[in-house]
Amino acid sequence: MTLQQTLSILKPDATRRNLNGKINTKIEESGLKIIAQKRLRLTKEQAQKFYAVHEERSFFNELCDYMISGPIVAQVLEGEDAVARYREIMGATNPANAAEGTIRKEFAESIEANSVHGSDSIENAAIEIAFFFSQLEIVV
Ligand code: CMP
C-alpha cells in the first residue's frame, strides 16, 4: 500500500445536473481525500491537449467538444493506492459495463458523458495533476 495522488474530473454532465456533492460523497466515503479543487471551463485547445493521448481515436473531436460544453471540476485525490482505488469506485468507462454501486453506474449518461475522469496510472496522474494545479494549490 502506498500513499498516492490522482486527478479527478467531474465532467460537464455532472456539473449540469448538480451532482458534484453526490459524487464527492462517494469519493470521500471510499476514504479518498480531496486535497485540491477548482471549477473551470476548458478551451478547445486545453481539452485537445489534456486528451492528446486519444487524438487518433474516432471519438477524439466529439470528446473534446463535450468536455468544453460546460463547466468541469478538477480535483486532486489523495489516499492509499489512490489511482486504482478511484478507478474502482468510478466503474467502467461505459456505464453499461459499470458495476453496481460505482459512480458511473449510478450517474453516467453514456460512454462519452460518463460523469467522471480518473488518471489511469501513477505516471499519468502526475502529468494530469500538473496540467491543472501548481504545488501551491495542493494542500494536504
Ligand atoms: P475518460 O476516463 O475521461 O477518458 C477518455 C474518455 O473518452 C472517456 O472517459 C470517455 O468519456 C471517452 N470515450 C471513451 N471511449 C469512447 C467512445 N467509444 N465513444 C465516445 N467517447 C468515448
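For the structure given in this document, a descriptive report is provided here.

Calculation rules
Residues numbered from 1 in each chain as written. Predicted model: local features only at pLDDT ≥ 70, side-chain atom pairs only at ≥ 80, totals over all residues. Heavy atoms only, no water. Buried < 20%, exposed > 50% of the residue type's maximum accessible area, 1.4 Å probe, protein only. Helix = DSSP H or I, 4+ residues; strand = E, 2+ residues; numbered from the N terminus. Pairing = 2+ DSSP bridges. Contact = heavy atoms within 4.5 Å. Lys, Arg positive; Asp, Glu negative; His and termini not counted. Salt bridge = Lys/Arg side-chain N within 4 Å of Asp/Glu carboxyl O. Polar contact = N/O pair within 3.5 Å; in protein donor to acceptor, adjacent residues only side chain to side chain. Axes fitted to C-alpha atoms, helices over the stretch in contact; angles between N-to-C directions. Arc of directions from axis to C-beta.

Here we look at the pairing of strand E1 (residues 3-10)
Part 1 of the reasoning: Among the eight residues of E1, six are classified as buried, and the element is accordingly described as predominantly covered.
Part 2 of the reasoning: Here E1 pairs with strand E3 (residues 72-80) via eight bridges, running antiparallel. Bridging from a neighbouring strand, Leu-10 pairs with Val-73 of E3.
Part 3 of the reasoning: The sheet contact formed by E1 and strand E4 (residues 116-118) spans three bridges and is antiparallel. Each residue of the ladder has a partner; that of Leu-10, found in E4, is Val-116.

Digging into the environment of Thr-2
Part 1 of the reasoning: For Thr-2, the position within the fold is in the segment before E1.
Part 2 of the reasoning: For Thr-2, a relative accessible area of 43% corresponds to the partly exposed category.
Part 3 of the reasoning: Measuring from C-alpha to C-alpha, the distance between Thr-2 and Ser-58 comes to 36 Å, with 56 residues separating the pair along the chain.
Part 4 of the reasoning: Every residue in contact with Thr-2, bar those within four places of it in the chain, is listed here: Gly-79, Glu-80 and Asp-81.

Describing the side chain of Lys-11
Part 1 of the reasoning: Relative to the assigned elements, Lys-11 resides in the loop between E1 and helix H1 (12-16).
Part 2 of the reasoning: At 6.6 Å, Asp-13 is the nearest oppositely charged side chain to Lys-11, a buried residue that forms no salt bridge.
Part 3 of the reasoning: Side-chain polar atoms of Lys-11 contact the side chain of Asn-114, separated by 2.7 Å.

A closer look at the sheet that holds E4
Part 1 of the reasoning: Reading across from one edge, E2-E3-E1-E4 is the order of the four strands in this open sheet, with antiparallel pairing throughout. Where the open sheet ends on each side, the last strands, each with one partner, are strand E2 (33-40) and E4. Each strand of the sheet is rotated relative to its neighbour by a mean of 20°, with strand direction disregarded.
Part 2 of the reasoning: Packing against the sheet, helix H5 (residues 82-90) makes contact with E1, E3 and E4, and its axis sits at approximately 35° to E1.

A short note on helix H7 (residues 122-132)
Part 1 of the reasoning: For H7, the full list of buried residues reads Ala-125, Glu-128, Ile-129 and Phe-132. The buried side chains of H7 occupy one side of the element, clustering within an arc of 105° when seen end-on. Residues of H7 that are exposed and point over 90 degrees away from its buried face: Glu-123, Ile-127 and Ala-130.
Part 2 of the reasoning: At its buried positions, H7 is contacted by E1, E2, helix H3 (44-50), E3, H5 and E4.

In short, the description is geometric, and any link to function would need to be established separately.
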